[in-house]
Amino acid sequence: MAHQWRGVINEYAERLPHFKEVVTLGEGGTPLVHAPALDARTGATVYVKVEGANPTGSFKDRGMTSAISDVASTGGVEYVACASTGNTSASAAAYAVRAGLGCAVILPAGKIAAGKLAQAVVHGATLVAVDGNFDDCLRIVRELTAEYPVALVNSVNPYRLQGQKTAAFEIVDALGDAPDIHVLPVGNAGNISAYWMGYNEYAGRTTSASIDDSATKIAAVATKVPQMWGIQADGAAPFVKGEPVEFPETVATAIRIGNPASWDFAVEARDNSGGFIDAVSDAEILEAQALLSAQVGVFVEPASAASVAGLLKAAAAGKVPSGATITCTVTGNGLKDTATALGSYEFDPNPIAPTVEATVKALGL
Ligand SMILES: *Cc1c(COP(=O)(O)O)cnc(C)c1O
């Protein structure tokens, strides 16, 4: 029988904490797609890690399988809660269903893409909209879960990063070694911290985000670690400014975060890897999203395209070493936010006659 991918906890059990109960939807094992169109623009060899192929359409599932497995294994609570720009709630709601738990979602009013909201609703989560931004929502969830028997499943939960680090393992497994450079969008900064941990642990080292030293006891798989390039949106770029941003604003709602929770881990990833964190404009993000769709064949949501926008900006500034192997995480599926992708496009609603002739004419053949 063909081997079916068993989810990141079962596939990488020896490099993850042990869970009595594994709650999985088969997350991970996502495609690493070579992108010749990006090679041509950068002079490097560029791959995109298509995280929109996860069960709920974003990389959040990698961390949710481990966070919810921990909650289910530990017991004692019947509810999980998260603050969310959309994808965390979609993922938490789905994994809570599998674990038989309730899910409370605290989200900024009016700032969630429709597809993500639909996911939380159909998976039966209880939604609370807050007149504030993501950072307000996270503060509320932290206080709520400290005082009530409710488990917090945002990425400040260390089990989230444990699951998310498996994306770095998959990339090394696919390429045979670590890439030279890894580029990804930065919002709350959990993912850049998780990748840095994953790359290091596969090279036999730990980082501050590691929760034990097992990595130093298992044979190393990678001979090196990549430079980490983190990309923010101009209107939500606390790392570039060097301080929190009070009113973050960007079309890329998944990275519309002004006060990242994993600040110190992300700075460690940036500095110890010899990388950088830069910002790109909303226009550059939307151009990169369009390029990924029209020239690579991968439809991603705006935040995901920030990684590619940042890579193209670096290439234009002469910062991309020629011939380098580069991986870009494209974090979420474009279908979650079709309104932004379509912009002002309108499909012509005037139907033609139901004939081949009329169709040929309409196609201009
Ligand atoms: C959560 C998310 C991000 C940001 O990841 P952080 O770990 O918060 O830095 C980027 N893109 C998408 C699609 C996301 O869902």
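Figured I'd write up the structure that's included with this text. Bear in mind the structure is a predicted one, so any value in this text is a computation, not a measurement.

1. Brief notes about the site of the ligand
The environment of the ligand is formed by 16 residues, the closest being Lys60, Asn87, Gly187, Asn188 and Thr331. Here a nitrogen atom of the ligand and a side-chain polar atom of Thr331 are 2.7 Å apart. Protein burial of the ligand: of its 380 Å² of free accessible surface, 97% is covered by the chains. For the shell around the ligand, the secondary-structure elements that each account for two or more residues are α9 (190-202) and α13 (302-316). A breakdown of the residues in the shell around the ligand according to their chemical character gives six nonpolar, eight polar and two charged.

2. Notes on the packing of aromatic side chains
For the coordinates displayed, the defined rule picks out seven aromatic pairs. On the basis of an interplanar angle of 40 degrees and a centroid distance of 6.2 Å, the ring pair of Tyr195 and Tyr199 is categorised as tilted. Taken together, the residues Tyr195 and Tyr199, both in helix α9 and four residues apart, mark about one turn of the helix. These aromatic residues form a ring-pair network of at least three members: Trp5, Tyr12, Phe169 and Tyr202. Sitting over the face of the ring of Phe276, Lys319 holds its NZ or CZ atom 4.9 Å from the ring centroid.

3. Topic: the environment of Arg139
Here Arg139 lies in helix α6 (residues 134-147). Taking C-alpha positions, Arg139 is 8.4 Å from Ala83, a pair spaced 56 residues apart along the chain.

4. Quick word on the sheet that holds strand β10 (residues 325-330)
Strand order across the open sheet formed by six strands is β1-β2-β10-β7-β8-β9, with mixed pairing between neighbours. In the strand order of this sheet, the two ends are held by β1 (32-34) and β9 (276-280), each with one partner. The mean inter-strand angle of the sheet, taken between neighbouring strand axes irrespective of direction, is 25 degrees. As paired elements, strand β8 (residues 227-233) and β9 share five bridges and run parallel to each other. Note on β9: the bridge partner recorded for Ile231 is Asp278. In the packing of helix α8 (residues 166-175) onto the sheet, the strands contacted are β1, β2 (45-50), β7 (181-185) and β10, and the crossing angle to β2 comes to about 135 degrees. The strands that α13 touches are β2, β7, β8, β9 and β10; relative to β10, the one it contacts most, it runs at about 150 degrees.

Conventions we followed
Residues numbered from 1 in each chain as written. Predicted model: local features only at pLDDT ≥ 70, side-chain atom pairs only at ≥ 80, totals over all residues. Heavy atoms only, no water. Near = heavy atom within 4 Å. Polar contact = N/O pair within 3.5 Å; in protein donor to acceptor, adjacent residues only side chain to side chain. Areas by Shrake-Rupley, 256 points an atom, 1.4 Å probe, with all protein chains shown as cover. Helix = DSSP H or I, 4+ residues; strand = E, 2+ residues; numbered from the N terminus. Nonpolar A, V, L, I, M, F, W, Y, C, P; charged D, E, K, R; others polar. Phe/Tyr/Trp six-rings, centres within 6.5 Å; stacked < 30°, edge-to-face > 60°. Lys NZ or Arg CZ within 6 Å of the ring centre and 35° of its normal. Pairing = 2+ DSSP bridges. Axes fitted to C-alpha atoms, helices over the stretch in contact; angles between N-to-C directions. Contact = heavy atoms within 4.5 Å.

That is the geometry; function is a separate question.
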